[in-house]
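Overview (structure and organization)
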Protein chains: 2
Amino acid sequence: MMFEEMNCSVARALAEVGERWSLLIVREAIMGSRRFDEFHTRLGIARNILTDRLTSLVAAGVLAKTPSIENLRIYDYVLTEKGRDLLGVVAALMHWGDRWLDKEAGPPMVLLDRKSAQALPRVTLAKKSGQPVGLDDLVIAAGPGATERTRNRLSRLQQR
Amino acid sequence: MMFEEMNCSVARALAEVGERWSLLIVREAIMGSRRFDEFHTRLGIARNILTDRLTSLVAAGVLAKTPSIENLRIYDYVLTEKGRDLLGVVAALMHWGDRWLDKEAGPPMVLLDRKSAQALPRVTLAKKSGQPVGLDDLVIAAGPGATERTRNRLSRLQQR
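Note that this is a predicted model, so its numbers are computed, not measured. (Residues numbered from 1 in each chain as written. Chains lettered and ligands numbered in written order. Predicted model: local features only at pLDDT ≥ 70, side-chain atom pairs only at ≥ 80, totals over all residues. Heavy atoms only, no water.)

Okay, the pairing of strand 3 (residues 109-113) of chain A next. Of all five residues in strand 3 of chain A, four are buried, a share of seventy percent or more. In this structure, strand 3 of chain A lies alongside strand 4 (residues 138-142) of chain B, joined through five bridges in antiparallel fashion. Of the residues in strand 4 of chain B, the one forming a bridge with A:Leu112 is B:Val139. (Buried < 20%, exposed > 50% of the residue type's maximum accessible area, 1.4 Å probe, protein only. Helix = DSSP H or I, 4+ residues; strand = E, 2+ residues; numbered from the N terminus. Pairing = 2+ DSSP bridges.)

In structure tokens, the structure reads:
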């Protein structure tokens, strides 16, 4: 089964942004890159792979391709609202990498609140109160978009 | 340059869990799957790809492979602490998919707090107060693990 056909938002999300380079291109766009050559140079990505990934991200509505204001013959790739909304995913990956893969040198980059210049807390699953939620505090239940198969699976899960 | 060599925690995280199936396998482990055949059947993943991804996730320390208590000739794949810590990443992807890819049927699955049975709020980058932080409220600064190249890049970014 294709990822986008699965009854699972994680799979559907990965169908759109789950190629490894895709989320790095989104990170690069978050850092302000807009031009093909900026992505190419800053990421060190091969031109053919970059072309392919940019095309997919535009097709998915994560990036919009528009003629540059400065030079109408070249294009800008700009995050759409849907693309900007990936900030939580990118930040969660970054914080996980900071914690587990920092090579004992500490985080390469830190995310700060612009107003206070304070480091932002780690992105985690949490209650409204801010209290982090771990696997043991979690129940996964069927939502309104669940198929019968998903419902059956989840009801068996809760009986354990 | 290989992802794991980049001076970026997003790239390093993607080097370990950035193959599309990898995060779905982690989701499946979060949902309680432990056996090769459970992952195989529930995800509909080809056996050779599953073998490859499980091996990578064990090598990365995301899953631990241990003989099953019930039958010592078969193995359980269990999330390590590092693997359990991916909950925020998986939940962020899920919530993004819920918002943008629900096919107008609503979320297939919802994450509830076990105690209160209330739906947990969306995983987002936020201040300590809980107020969400968008791209315009964000500054990306060099951390202790930044290389000179990263520092230069980020200082140019802040001058814009």
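Anyway, onward from the coordinates.
Every contact between the two is made by 93 residues of chain A and, on the other side, 93 residues of chain B. When the two sides are added together, the surface that chain A and chain B hide from each other amounts to roughly 8600 Å², 65% of it contributed by carbon and sulfur. Our count for the chain A to chain B interface comes out at 14 salt bridges. Between A:Arg122 and B:Asp85 there is a salt bridge whose closest N-O contact spans 2.7 Å. The tally of links from chain A across to chain B stands at 38 residue pairs in polar contact (both at pLDDT 80 or more). Elements supplying a minimum of two residues to the side of chain A that touches chain B: helix 1 (9-17), helix 2 (20-30), helix 3 (36-43), helix 5 (81-84), helix 6 (87-100), strand 3, strand 4 (138-142) and helix 7 (148-159) of chain A. (Contact = heavy atoms within 4.5 Å. Buried area = accessible area lost by both parts, 1.4 Å probe. Salt bridge = Lys/Arg side-chain N within 4 Å of Asp/Glu carboxyl O. Polar contact = N/O pair within 3.5 Å; in protein donor to acceptor, adjacent residues only side chain to side chain.)

Taken as a whole and judged by the stated rule, the model has 30 salt bridges over all chains. The salt bridge involving A:Glu70 is made with A:Arg35; its shortest N-O contact spans 3.4 Å. Taken together, the residues A:Glu70 in the loop between strand 1 (63-67) and strand 2 (75-79) and A:Arg35 in the loop between helix 2 and helix 3 connect sequence positions 35 residues apart. Using a relative accessible area of 72% as the deciding quantity, one classes A:Glu70 as exposed. Across the pair A:Lys127 and B:Asp113 runs a salt bridge, and its minimum N-O distance is 3.7 Å. One end of the pair, A:Lys127, is in the loop between strand 3 and strand 4; the other, B:Asp113, is in strand 3 (residues 109-113), on a second chain.

All names here are of chain B. Within helix 2 (residues 20-30), ten of the eleven residues are buried, leaving the element largely enclosed by the surrounding structure. Taken together, the buried positions of helix 2 are Trp21, Ser22, Leu23, Leu24, Ile25, Val26, Arg27, Glu28, Ala29 and Ile30. Within two residues after helix 2, Gly32 carries a phi angle of roughly 105°, on the positive side.

Moving on: the environment of A:Gly18. Mapped onto the fold, A:Gly18 is located in the loop between helix 1 and helix 2. Here the alpha-carbon distance between A:Gly18 and A:Val133, two residues 115 residues apart in the chain, equals 25 Å. Apart from the residues lying within four places of it in its own chain, the contact partners of A:Gly18 are A:Ala13, B:Gly18 and B:Arg20.

Below, the discussion takes up the packing of helix 2 of chain B against helix 3 (residues 36-43) of chain B. Two quantities define a packed helix pair, namely the angle between the axes and the distance from one axis to the other. Residue and element names in this part refer to chain B. Between helix 2 and helix 3, the shortest axis-to-axis distance is 11 Å and the interhelical angle comes to 110°. Put simply, helix 2 runs roughly perpendicular to helix 3. In this structure, the crossing between helix 2 and helix 3 has a hand that is right-handed. Between helix 2 and helix 3, the residues in contact are Trp21, Leu24, Ile25, Arg27, Glu28 and Ala29 and Phe39, Arg42 and Leu43, respectively. (Axes fitted to C-alpha atoms, helices over the stretch in contact; angles between N-to-C directions. Parallel < 35°, antiparallel > 145°, perpendicular 65-115°, else oblique. Left-handed = near helix turned anticlockwise from the far one by under 90°.)

Along the chain, the position of A:Glu28 falls in helix 2. Those residues in contact with A:Glu28, other than ones at most four positions away along the chain, are A:Ser33, A:Phe39, A:Arg42, A:Leu43 and B:Arg153.

Right, let's talk about the relation of the copies chain A and chain B for a bit. The transform that puts chain A on chain B rotates by 180° and translates by 0.0 Å along the axis, for an RMSD of 0.0 Å. On the angle and the small slide along the axis, the relation comes out as a two-fold axis. A share of 100% of interface residues in chain A that are also interface residues in chain B marks the association as one of identical surfaces. (Least-squares fit on C-alpha atoms with pLDDT ≥ 70 in both.)

Counting 98 residues, the largest nonpolar core has A:Leu24, A:Ile25, B:Leu24 and B:Ile25 as its most contacted members. Setting aside chain neighbours within four positions, we find A:Ile25 in contact with A:Phe39, A:Leu43, A:Ile45, A:Leu50, A:Arg53, A:Leu54, A:Leu57 and A:Leu63. (Core = buried A, V, L, I, M, F, W, Y, C linked by side-chain atoms within 4.5 Å.)

Our focus in this paragraph is the confidence of the model for chain A. The predicted model of chain A has a mean per-residue pLDDT of 94, with 98% of residues at 70 or higher. For this predicted complex, the interface confidence comes out at an ipTM of 0.95, alongside a pTM of 0.95. (pLDDT = per-residue confidence, 0-100.)

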